[in-house]
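Structural features, examined
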Amino acid sequence: MGKKKGKNKFSLPKIDLKELAEEKKRNFQQRLEFIDWYVNWLKRTPNKKWSKDQKAVVEQF
Amino acid sequence: MEFSFTKKKIILNNKVVNRLDEFVLTFTSVLDRMKINYVIVSGYVAIVFGRSRATEDIDIIAEPFGKKKFEEFWSGLEKEFDCINAPNAAQAYDDYISQNIALRFFEKGGKPIPNIEFKFPKNTLDERTLKDRVELLLDGKQLFVSPIEIQIAFKLFLGSEKDFEDARHLYKVFAEEISLAELKSYAKLLKVEEKLGLAGVKNG
């Protein structure tokens, strides 16, 4: 199949870097809020239970 | 999470031991046999206290010792660990550990991740961390970890999002037990006072 000139030409999308930076900041803030929520859960959860759940994540490698 | 906390000892019972804990305990058992003082720092400290994430390496700082003892230590490790950056004890000691370059050890015949990053103290903060290490008992199995106050401040100093999250996890877990004054002092020393809020310290 021959290539058609001018077709599938690579182009970059227009982005708003300020908007991306704000999204990154919001995402980080949400992760910190999740840690607060997770630690609250951790504190009321018996060691045997949270560590069993954690094992699956820690042993990913 | 139930634990008992004093400045020098934390007891955590009924924790389901994972492969990472086993890996660390196997390595530290060689250090214990050789009577080498050590302290575990960085990510594993957050993980052992419940942070739910994987890690590539476990950082261990050991009290410096000479080449002869290092050769015995290497022999003790050889059965269960391979070294990533040196093929033998002499090279590991001369070219790495005695030059303040960390050695990396991984499970013999296994994957290079996770690995132990093993080093001697590189600065006065490492020395203090070693001196003030905290005994951690996991159902009677002994480990030594960094004081929580130092660990939180140092994570804020390291400064990646993952480090801030580790710092926040540790602070939230131990907020009622640790010394806020000490945490603030270490944060001041490392010039990260303005980041204490990221760890969750009120008016930090």
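Model, not experiment: these values are computed from the prediction. (Residues numbered from 1 in each chain as written. Chains lettered and ligands numbered in written order. Predicted model: local features only at pLDDT ≥ 70, side-chain atom pairs only at ≥ 80, totals over all residues. Heavy atoms only, no water.)

Glancing now at helix H3 (residues 67-78) of chain B. Residues and elements named next belong to chain B. The end-to-end C-alpha separation of H3 is 16 Å, in line with the 16 Å expected for 12 residues at 1.5 Å each. Taken together, the buried positions of H3 are Phe70, Phe73, Trp74 and Leu77. An end-on view of H3 places all buried positions within 105° of arc, on one side of the element. Where H3 is buried, its residues meet helix H1 (19-33), strand S5 (81-83), helix H4 (89-96), strand S6 (103-107) and strand S7 (115-119). (Helix = DSSP H or I, 4+ residues; strand = E, 2+ residues; numbered from the N terminus. Expected span 1.5 Å × (residues − 1). Buried < 20%, exposed > 50% of the residue type's maximum accessible area, 1.4 Å probe, protein only. Arc of directions from axis to C-beta. Contact = heavy atoms within 4.5 Å.)

All names here are of chain B. Cis geometry is adopted by the peptide bond preceding Pro114, which originates at Ile113 and carries an omega value of 0°. The backbone phi angle of Asp139 is positive, close to 50°, even though this residue is not glycine. For Asp139, the location among the structural elements is in the loop between strand S8 (134-138) and strand S9 (141-145).

This brings us to the pairing of S6 of chain B. Residue and element names in this part refer to chain B. Sheet topology note: the S5/S6 ladder contains three bridges and is antiparallel. Along S6, the bridge assignment pairs Asp82 with Phe106. Of the strand pairs in this sheet, S6 and S7 are connected by four bridges, and their pairing is antiparallel. Note that in S7 the partner of Phe106 across the bridge is Asn115. (Pairing = 2+ DSSP bridges.)

Before going further, it helps to examine the nonpolar core. Side chains that are nonpolar tend, in soluble globular proteins, to be buried together. Phe27, Phe49, Phe70, Phe73, Phe105, Phe118 and Ile152 of chain B are the most contacted members of the largest nonpolar core, which totals 75 residues. Counting residues per element, this core draws most heavily on H1 of chain B, at seven residues. (Core = buried A, V, L, I, M, F, W, Y, C linked by side-chain atoms within 4.5 Å.)

Turning our attention to the interface of chain A and chain B. Opposite the 25 residues of chain A that make contact, chain B presents 31 residues. Taken together, both faces of the contact between chain A and chain B bury some 2,700 Å²; the carbon and sulfur share is 59%. Summed over the shared surface of chain A and chain B, the result is five salt bridges. Between Glu165 of chain B and Arg31 of chain A there is a salt bridge, with its nearest N and O atoms 2.6 Å apart. Applying the counting criterion to the chain A and chain B interface returns 16 residue pairs in polar contact (both at pLDDT 80 or more). With 10 residues, helix H1 (residues 17-43) of chain A is the single largest residue contributor to the side of chain A that touches chain B. The residue inventory of the side of chain A that touches chain B, partitioned by class, reads 11 nonpolar, five polar and nine charged. (Buried area = accessible area lost by both parts, 1.4 Å probe. Salt bridge = Lys/Arg side-chain N within 4 Å of Asp/Glu carboxyl O. Polar contact = N/O pair within 3.5 Å; in protein donor to acceptor, adjacent residues only side chain to side chain. Nonpolar A, V, L, I, M, F, W, Y, C, P; charged D, E, K, R; others polar.)

Before going further, it helps to spend a moment on the environment of Lys43 of chain A. Here Lys43 of chain A lies in helix H1. Overall, Lys43 of chain A belongs to the partly exposed group, its relative accessible area being 36%. Ignoring anything within four residues of it in the chain, the contact list for Lys43 of chain A reads Met1, Lys172 and Val173 of chain B.

Before going further, it helps to spend a moment on the pairing of strand S4 (residues 57-62) of chain B. All names here are of chain B. Counted residue by residue, S4 has five buried out of six residues, so it is predominantly covered. Two strands pair when backbone bridges link them, and strand S3 (residues 38-41) and S4 are joined in this way by four bridges, in the antiparallel orientation. Within S4, the position partnered with Val41 by the bridge is Asp59.

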